[in-house]
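Next come the chains, spelled out residue by residue.
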Amino acid sequence: MTSVWSEVLRPERARLFGAVVLAIAASLLELAPQALVYVAACAVFADVGPWAGAGLGALGGWALVVLGLTLLRFLLMGGSLVLSHLASFRMAKHLRIRMARSLAEADMRFFAHHSSGDLKKALLDDAASIGGIVEHQLPDLASAIFVPLISLGVLFTVDWRLGLASLALLPLGVVLMALVMRNMGPEFEAWHATEKRAAAAILEFLTGIVVLKSFDRDVASLGDLRDAVNGVRDHAVRITRRTILGYTGFFVLFASNLVVVLPVALFFFREGMVPLETAVLFVALGTGLTAPLLKLLFLFGTLQMNALRIQRVEDVLNAPRARDVCGEAALPEGGTLELRDASFRYEEEGPLALDGVDLTLAPGEIVAVVGPSGAGKSTLARALVGGWPLSRGSLRYGGVALDALAPDARTKLLAYVGQETFLVRGTVRENVAFGRPDAPDDEVRAALEAAGARELVDAMPEGLETELGTGARGLSGGERQRLAIARAALHDAPVLVLDEATAHLDPESERAVQEGLSRLMRGRSTLVIAHRLRTVEGADRIVVLDGGRVVAEGRHEALLESCPTYRTLHEAQEKTARWTLGAPAVPAPAREAAR
Amino acid sequence: MIDFGLDLAGDAERNGPDGPTYSLRGASLVAAAGALVEAMPVWIVVYALGEAFVGRSSALRLDLLTFGLVVLLAATYALKVAGAIGTFGATYALACRLRLRLAEHLRRLPMGFWTARHRGQIGNVLTTQFDQYTEIFTHVWSMVVVNVVYPLALGAGLFALDPWVALATLLPVLPAMFAISWTLRVLNAASDELAAEVGETTDRIIEYVEGIATFRAFGRAGDANDVLRDRLDRLEATSMKTELVAAPAIMTYSMVVYGGFVLGAFAAAWRVESGGLAAPAAVLALLVAALFVRAQASLVLYLAESRFAARTLARVRELFGEPEQASGTLTPPIEAPVLEVRDVSFAHAADESEEPAPTLRRIGARFAPGTVTALVGPSGSGKSTFAHLLLRLWDVDAGVIRLGGFDVRDLSLAHLHRHVAMVFQEVVLFETSVLDNLRLARPEASREEVEAAARRARIHDVIAALPEGYDTVLGPGGAGLSGGERQRLSIARALLRDAPILVLDEATASLDPASEAAVQAAVGELMAGRTVVVIAHRLWTIKHADAILVFDQGRIVERGTHEALVQAGGTYARLWEAQQTARGWSLSA
């Protein structure tokens, strides 16, 4: 793991080094006005040295030098920031690219435990924040350490006793800092938990706002929300009260060297131990000596806040990789798809979601998989098309293990049409030609025609070239499904997997989808994950799943005879299909008569 | 120049019902006093060094001087502590009050305001951005106060030393202020551009993550990666540009401020030359001027930081600016709950990113007590929008909706919703006990009443089987319950609510047959004895409805019973035929 971090950091080493050096140089130039004060003091008071007895006649010239140095300082600072930002942004980008690569190769089960919101947070926010550590913190830190050190060097060279005096309050400040920082780790976590709780309560409120409104529940009546939001305030005040004495203490102490420096410097001067200009130097320079050290504290806080982010990023970078086995075999012509003794679990130690499933799909055959909810129907689809790895068993096509197929052969083997249609932001054309970006327009149009989506696309402002926008929000469910069918048609795979969990579309678009599917199935082997038995009564074979196992297999009529699970499903469906609103028990004519 | 939201703060923020009160204004005054006291040691320096410069150091009482410095230090410390406690207390109390007030305000907006996209953005404002606001404001506000007052105190003292040097040093403060507003303008423009770029990148990242299975299935993972990479390159470039573009403005400010020091030095040299100022005093003036510019220079950094807090406030103000839905005041007894729709037209400005909402044109309908009316039509025909108008999720543009003879806009919303209730397709459950989730519909319901409703909704057995029965706390969003169970909980709520008129949005998601049967039984129970308006997707379920209103392109194109409509051979007949075909469709080779 450390190797990833060092790999991300290594290319930026030169930039970061440059940023640090420039930052230190710039911070030193920040002392130019103080230096001028010292020079002026020398010019007025000193008996020896370069400026002795010079008077203030040249002050204007010196001031111009200060201006020049200040300009130089900002240029150096600018350079430092450019370098550090460049490094930061590049680091963030490389982290993101690495995470994206890791996700592209991850075991699909990883996505079952990580929502797209969480992953987005890791890729976007966390990477930026981690990059941000070097963006401001690193140059700041360098100057926070080096400027006091160099100033101290100068002061000690001039007079070590006064140098010591300017450090007198440091130990006290450090002790206070340690006292405050003690136990801050758990406190920090507790605070985050409080903020998170409030956030959750608020998001819940927003999700339910329409329902809350329809039940006339105002915010005042929602105890949980109020408590959670008030909790943030109370916790913040509690932390403030507990830490503010120490916190303000070292803030004030670090900036108050004057209390010691001024009396001691004056005393030394009075005793003839230092000249007046030295006293001025210590007052000018020694006063703000330790103030930059406060930045160390902020760094500490930033690092603590980033610990969690680093954890999240490492989670993504360490995502278990999909079993990446592929061979070089070409796609056999017209083979049978065979699933033998297949088992699958969502978690390494978890229960079996599929338990020794055998299933064959001959060329041109239509096989339906049915079963009560939780039987493993959707898991089976995932194992076939989603790249979800089997924990046992084999999957072959035309006698060749799928793992032995060349990658593009494997891609060409299966097409999938499900309830959820994933559309990328791009044109209709790009979405339909998703599996074959180079497909000519007439083929794309033919695919749309087959999917019953030709008219739909022709009605769009720019036809095939119409931009669909993020997530294609403007399209209805049925329209999206028809584009998915067109995509599968163009893909032209010999095996089709349908997850017929069609939400209830409006009647006409449901019919259009069905017609599209019928055309698509022609000449292919089709495996249907069916939720409505009626749809698949005519299938060549129906496989009944229950508890992850195949409990029966056969044609509709035979299963009605022999399989109790199938019969139960069938009866429940017949019952719900007869149900109508408004006439639960009494048939309509009787109800008419009663009125 | 920068919105600190001071006007939003009350005179005093009470911390809890019996907690202490904090005032932001008071805290700011204390912080300002602290900054003044913090500047005073500089005057001791000026005095003491001044004495030393003119050879009177032996007369200085170093013990008193030290004592004075220590007292000032202690006073600074005490004032800073008090100021910080006040600022933290007041800010968090303010944020807390603002959040709850905003939540209540949002609740009063027309319900149609709530699109999914809005919800995400507002959620972000109320959570992340508020956290950011308090964090920045508590740290930055007192620093802004200090970095305004402290330089002012030094500047005033500088005048006492020599007005000409002081004038020269302070002269650039005014142009510096212009530089600050320039800086902020540049920064804001740059961060707007960056925000847009970040938004784009976010969309791409989410697309990438959500589409990974599809990308892989089509062998396009590499291309998707390239697209993302491209986007990341652009983000990097824009980020860099944002930083660079603000640099000249920030540098100008600092240069102008330091220019003051240089001018001051020139003035000092001139004053010494012309005999108006003694050389030792000039050195002192320079010392003070150096401290002045240093404090002045840091102001811009804090102001730049506080703009993030200001951004949150801008969003908050914008949201507060959304007009609340006016509730009527009447709460008359409704004798016959007849719902009448007269000549209603409605169009609402749709969010550009959302599916455009259909426009309703001159619609009339009457829902008599005890009848079942179905609204049907293709998606986008306006049937859902129409149903929402019945509940005042929106207000009509023209025409009127009456309940028991009263314009629904004259009735108090609470009163209206006691008579008209909706069962939404999307079931919202909260992370609290099952009991409280059900009681949402009627807070005063007894446990027995809740249980009775659950039994009638065919969900009692499921609840009883939970580890702690009705007291079981549900997971976030009701996690762990199946779709059918959630729907039945929602029906139990409606039973508790017991409104005479019910607007039902038939769920479109398919359930497995067993759970569908349970939901159907619960719906049957719920409908008994009520006026029902149902948004229907499956036409066979409404064959026996008393009336069917067929919507197409925002109009009611047909109305009547199922038989009559099928015979008429119009839109409904076409839909019915399509659905019959669809229902009878079977896969076959």
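Residues numbered from 1 in each chain as written. Chains lettered and ligands numbered in written order. Predicted model: local features only at pLDDT ≥ 70, side-chain atom pairs only at ≥ 80, totals over all residues. Heavy atoms only, no water.

### Notes on the overall build of chain A
Of the regular secondary structure elements, chain A holds 25 helices and ten strands. For 595 residues, the compact-globule estimate of 2.2 N^0.38 gives 25 Å, and chain A exceeds it by more than 25% at 37 Å. Overall, the C-alpha framework of chain A stretches about 115 × 65 × 50 Å when taken along its three principal axes. The 595 residues of chain A split such that 54% are buried. The long-range share in chain A, meaning contacts at least 24 apart out of those at least 6 apart in sequence, stands at 77%. (Helix = DSSP H or I, 4+ residues; strand = E, 2+ residues; numbered from the N terminus. Rg over C-alpha atoms; globule rule 2.2 N^0.38 Å. Buried < 20%, exposed > 50% of the residue type's maximum accessible area, 1.4 Å probe, protein only. Contact = heavy atoms within 4.5 Å.)

### Let's talk about the domain arrangement of chain A
All names here are of chain A. Partitioning chain A into structural domains gives domain 1 (2-169 + 256-317) and domain 2 (337-422 + 480-578). Using only C-alpha atoms to locate each centre, domain 1 and domain 2 end up separated by 63 Å. Facing five residues of domain 1, the contacting portion of domain 2 comprises nine residues. Summing both sides of the interface, domain 1 and domain 2 together bury roughly 570 Å²; the carbon and sulfur share of this comes to 58%. Considering only the surface of domain 1 that becomes buried against domain 2, Met-108, Arg-109 and His-113 emerge as the three largest contributors, covering 86% of it. At the boundary of domain 1 and domain 2, one finds zero salt bridges. (Domains from an automatic or database assignment. Buried area = accessible area lost by both parts, 1.4 Å probe. Salt bridge = Lys/Arg side-chain N within 4 Å of Asp/Glu carboxyl O.)

### Some points on the pairing of strand β4 (residues 392-397) of chain A
All names here are of chain A. Pairing geometry for strand β1 (residues 337-345) and β4, over five bridges, is antiparallel. Bridge pairing links Ser-343 to Arg-392 in β4. Sheet analysis places β4 next to strand β5 (residues 400-401), joined by two bridges and oriented antiparallel. Pairing of Tyr-397 across the sheet is with Val-400, part of β5. In this structure, the hairpin formed by β4 and β5 is closed by a connection of two residues, where Gly-398 is found at a positive phi of approximately 55°. (Pairing = 2+ DSSP bridges.)

### Considering the interface of chain B and chain A
With 161 residues of chain B at the interface, the matching set in chain A holds 152 residues. With both chains or domains summed, chain B and chain A bury close to 14500 Å², and 70% of this area falls on carbon and sulfur atoms. For the pair chain B and chain A, the number of links is five salt bridges. Its salt-bridge partner being Lys93(A), residue Asp233(B) comes within 2.5 Å of it at the nearest N-O pair. Run the count over chain B and chain A and you get 30 residue pairs in polar contact (both at pLDDT 80 or more). No other element matches helix α7 (residues 221-273) of chain B, which puts 24 residues into the side of chain B that touches chain A. Looking at the side of chain B that touches chain A, its residues break down into 92 nonpolar, 34 polar and 35 charged. (Polar contact = N/O pair within 3.5 Å; in protein donor to acceptor, adjacent residues only side chain to side chain. Nonpolar A, V, L, I, M, F, W, Y, C, P; charged D, E, K, R; others polar.)

### Digging into a nonpolar patch on the surface
All names here are of chain A. Judged by side-chain polarity, Ile-145, Phe-146, Leu-149, Ile-150, Val-154, Val-158 and Leu-296 come together as a nonpolar surface patch covering roughly 520 Å² of accessible area. Looking at the nonpolar patch element by element, the count peaks at six residues for helix α6 (residues 116-158). Looking at the secondary structure, you find Phe-146 in helix α6. Residue Phe-146 is classed as partly exposed on the basis of its relative accessible area of 38%. (Patch = residues over 30% accessible without salt bridge, like charges linked within 9 Å, V, L, I, M, F, W, Y side chains within 5 Å. Areas by Shrake-Rupley, 256 points an atom, 1.4 Å probe, with all protein chains shown as cover.)

### Re the environment of Ala568(B)
Among the structural elements, Ala568(B) can be located in helix α16 (residues 562-568). Along the sequence, Ala568(B) and Glu558(B) sit ten residues apart, while their C-alpha atoms lie 9.3 Å from each other.

### Digging into the sheet that holds strand β5 (residues 372-376) of chain B
The strands that make up a sheet are held in pairs by hydrogen bonds between backbone atoms, and each pair lies either parallel or antiparallel. All names here are of chain B. Taking strand neighbours across the sheet as the criterion, the six strands line up as β8-β9-β10-β5-β11-β12 in an open arrangement whose pairing is mixed. Strands at the two margins of the open sheet, each flanked by one partner only, are β8 (420-423) and β12 (555-560). Between one strand axis and the next, the sheet turns through 20° on average, direction left out of account. With five bridges joining them, strand β9 (residues 501-505) and strand β10 (residues 531-535) adopt parallel strand pairing. Bridging across to β10, Ile-501 finds its partner in Thr-531. (Axes fitted to C-alpha atoms, helices over the stretch in contact; angles between N-to-C directions.)

### Thoughts on the pairing of β5(B)
Residues and elements named next belong to chain B. Across the five residues of β5, five count as buried, placing the element largely inside the fold. Of the two faces of β5, the one carrying Val-372, Ala-374 and Val-376 and the one carrying Thr-373 and Leu-375 are both buried. In this structure, β5 lies alongside β10, joined through four bridges in parallel fashion. For Val-372, the partnering residue across the bridge sits in β10 and is Val-532. Examined bridge by bridge, β5 and strand β11 (residues 547-552) share four bridges and lie parallel to one another. Paired with Ala-374 across the strands is Ile-548, a residue of β11.

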